[in-house]
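Summary of the model geometry
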Amino acid sequence: MRLSRYFLPVLKENPAEAKIVSHRYMLRAGMIKQASAGIYSWLPLGLKVLRNIERIVNEEQARAGHIPILMPTVQSADLWRESGRFDDFGAEMLRISDRHGRDMLYGPTNEEQVTDIFRSHVNSYKDLPLTLYQIQWKFRDEVRPRFGIMRGREFLMKDGYNFDIDYDAAIHSYNRHMVSYLRTYERMGLQAIPMRADSGAMGGDDTHEFLVLADTGESEVFYDSAILDMKFGDRDVDFDNVEECAGIAKDWTTPYARTDETHDEALFNEVPEERRKTSRGIEVGQIFYFGTKYSEAMGANVVTDSGDRVPVHMGSHGIGVSRLLGAIIEASHDDKGIIWPEGVTPFHCGIINLKQGDDEADAACEGLYAALTAAGLEPLYDDRNERAGGKFASMDLIGLPWRITVGPRGLKNGVVELTSRKTGESVEMPPEEAAAKVVAIYAAL
Ligand code: P5A
C-alpha cells in the first residue's frame, strides 16, 4: 500500500477522552472512530489488525478440530426464555421488538442459539464430540463502557461451544480449549495466563479466565511469578489425546493464579514470598464447563448405545477478539507509539523515502516495494511529499515492526537502513539484502 493513496487519519494531538495508552494510540493512529458510547467504526488500519487476530484464531481453532459456523446477531427472546436467561441477563441485554411486537434481542452470547441448532440436527452419541464456534459481534449494554474497544458495548468475540457425551469427555474439550488458547495468544505476542475465575452469567463450576498482565487492566489478579517463565512454544499437540491435553492444562494451572473473585489468601501464602505477585490484568478470554445446564433446559439429548436419551454435557469458550487489540497495545508500546508483534501487524514493513521525487530514491523504494510484494508481504510505502520527521513520527506511531529507510545519501554508498521498531536498532545494507532479511523474518513465523 502506498500511503499517498491510503486512508490513515492520524491525529497529532492526544484525544482528551482517551484515558489509557491503547485507546489513545488507536485513536491517534486512525484505527477506530467512536460511533456512540462503546460502539466503534473500524478504520482500515484497525480492521487489518482485527482481521489478523481473527485469522490466527481461525487457524488455531482448525488445528484443535473445531468447526466454524455463523449465527445471527439478532436472536429470538423465546430461546432465552427456555433457558431462563431472558430475565437473568438483566439490563446488560439489549432488548428489541420487531414490527409484530415480538421480543428479540441483540445477542450478548450464543449458548441458547447453538443449543437450538444442536437439538434440531444431532440425535446420536455417534455424532459426538462436536465443537462449533463462530467469530461474531456481540452487544452488552455495559454500565460503564470505557477504554475504547477494551470494554465496548458492541464487540467482536470468538465463541465456541462443545457438545460431549459425559463429564469426562467434556473436560477433555475444556482442556483442549485451554491448550489451543495458550498457543493462540502466544502467536499474537501475548502472555495470557489462565486463572481460576468465577462463572457469572454463563453458569457452571469450572472456569478459567485468560489474563494479560497490564497496569490498566480491570481485574485484580494474584499469581505465582513462576508462571511467567512458562512458554507454550511451537510444540506439536495431538488434540485428540486426552492425557496430553490434560497434562498441559495441569502444568499451566498448577502455579497459583487467580482473579480476586476466587482468590484464596491461605493458598496464596503457600507460594514462596518472593514469587507472590499481585497485579492488574486484562481478561482476553474465558472458558467454561457448565454440564447440562442448557441441554436439560432446552432438550438437547442424544441416544446412547444402550438406547437411553441423555442430555449432552456442554461448555463454552470465548476470546475477546476486538479487546485483544487493546491488550496487545497495552503490552507492547513505547512513548512514540504502538509496537506490533509480527504475528498481527497491519503491514509487514514500512518503507520511508527521505527524498520523494529523487529519481534514485524513488526507484530504490519502488524496487523494495516490488520485492516485498512479490514475496507475499504487504509493505506500507510512505511516498508522501513530507518532511522526514513527520514520516518517522507516523511510522513509529502506527508501529510496524520493521522499517526500511531510503535516502540519496545512503544510496550513494549502495545502502538503505533496516530498523527494528522494538529495539530501535538500525543496520545499513544493500536494498536487496534488506528486503531478503524482512522476508526471512516473516517466513520464520
Ligand atoms: C464464552 C463464549 C462468554 O460470553 N459465552 C460464549 C461465554 N464469556 S465471557 O467471558 O463473558 O466473554 C468472552 C470474552 O469476551 C470479551 N468481552 C468483551 N470485550 C470487549 N468489550 C466487552 N464489553 C466485553 N465483554 C466480554 C472478554 O475478553 C471475555 O473474556
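What this report covers is the structure whose coordinates are included nearby. Since the model is a prediction, treat every value here as computed from it, not as a measurement. (Residues numbered from 1 in each chain as written. Predicted model: local features only at pLDDT ≥ 70, side-chain atom pairs only at ≥ 80, totals over all residues. Heavy atoms only, no water.)

Some thoughts on the site of the ligand
Applied cut-off: We call a residue near a molecule or strand when any one of its heavy atoms sits within 4 Å of it. Definition of a polar contact: a pair of N or O atoms within 3.5 Å, with one able to donate and the other able to accept a hydrogen when the atoms are protein atoms, and with sequence-neighbouring residues admitted only if both atoms are side-chain atoms. Note on areas: these come from Shrake-Rupley sampling with a 1.4 Å probe, and a residue is covered only by the protein chains present in the view. Cavities and pockets were defined on a 1 Å grid built over protein atoms only: a cavity is a set of grid points that admits a 1.4 Å probe from which the probe cannot escape, a pocket is an open set flanked by protein on both sides within 12 Å along at least five of seven lines, and lining residues are those with an atom within 4 Å of any such point. Occupancy of a cavity or pocket is assigned to a molecule whenever over half of its atoms lie within 2 Å of that pocket's grid points.
In the vicinity of the ligand there are 23 residues, among which Glu111, Arg140, Glu142, Gly152 and Glu283 approach most closely. At 2.7 Å from a nitrogen atom of the ligand is found a side-chain nitrogen or oxygen belonging to Glu111. The contact in question runs from a nitrogen atom of the ligand to an N or O atom on the side chain of Glu142, over 2.8 Å. When isolated, the ligand has an accessible area of 590 Å², and the protein chains bury 96% of it. In this structure the site holding the ligand corresponds to the largest pocket.

Description of the packing of aromatic side chains
For any pair of aromatic rings, the description consists of the separation of the ring centres together with the inter-plane angle of the planes. This is how it is decided: The aromatic pairing rule takes the rings of Phe, Tyr and Trp, using the six-membered ring of Trp, and pairs them if the centres are within 6.5 Å, calling planes under 30 degrees apart stacked, those over 60 edge-to-face and the rest tilted. Strands are runs of DSSP state E lasting at least 2 residues, helices are runs of H or I lasting at least 4, and numbering of each runs from the N terminus. To sort residues, take the accessible area from a 1.4 Å probe on protein chains only and compare it with the maximum for the residue type: under 20% means buried, over 50% means exposed, and anything in between is partly exposed. As a reminder, the over-ring test applies to NZ of lysine and CZ of arginine, requiring each to be within 6 Å of the ring centre and within 35 degrees of the ring normal.
Scanning the entire structure with this criterion turns up 13 aromatic pairs. Residues Tyr6 and Phe347 carry aromatic rings whose centres are separated by 5.4 Å and whose planes lie at 80° to one another, so their mutual orientation is edge-to-face. Of this pair, Tyr6 sits in the segment before helix H1 (21–28) while Phe347 sits in the loop between strand S18 (337–338) and strand S19 (349–353), placing them 341 residues apart in sequence. The burial state of Tyr6 is the same as that of Phe347; both residues are buried. Connected via pairs of aromatic rings, a cluster forms that spans Tyr181, Tyr185 and Phe210. The cationic tip of Lys48 hangs over the ring face of Phe347; the distance from NZ or CZ to the ring centre is 4.7 Å. When the ring centre of Phe86 is taken as reference, the NZ or CZ atom of Arg95 above it lies at 4.6 Å.

Some remarks on the packing of helix H6 (residues 167–187) against helix H7 (residues 242–253)
The following threshold applies: To define axes, lines are fitted to C-alpha atoms, for helices over the stretch in contact only, and angles between the resulting N-to-C directions are given on a 0 to 180 degree scale. Angle categories are assigned with fixed cut-offs, so that under 35 degrees is roughly parallel, over 145 is roughly antiparallel, 65 to 115 is roughly perpendicular, and the rest are oblique. Whether a crossing is left-handed or right-handed is set by the direction in which the near helix is turned from the far one by less than a right angle, anticlockwise for left-handed and clockwise for right-handed. Only heavy atoms matter for contacts: two residues are in contact if any of them lie within 4.5 Å across the pair.
H7 packs onto H6 with a crossing angle of 60° between their chain directions and a minimal axis gap of 8 Å. As summarised for this structure, H6 and H7 are arranged oblique, according to the angle between their axes. Between H6 and H7 the crossing geometry is left-handed. Contacts between H6 and H7 involve His172, Asn175, Arg176, Met178, Val179, Leu182 and Glu186 from the former and Val242, Cys245, Ala246, Ile248, Ala249, Trp252 and Thr253 from the latter.

Any functional reading would require information beyond the geometric quantities listed.
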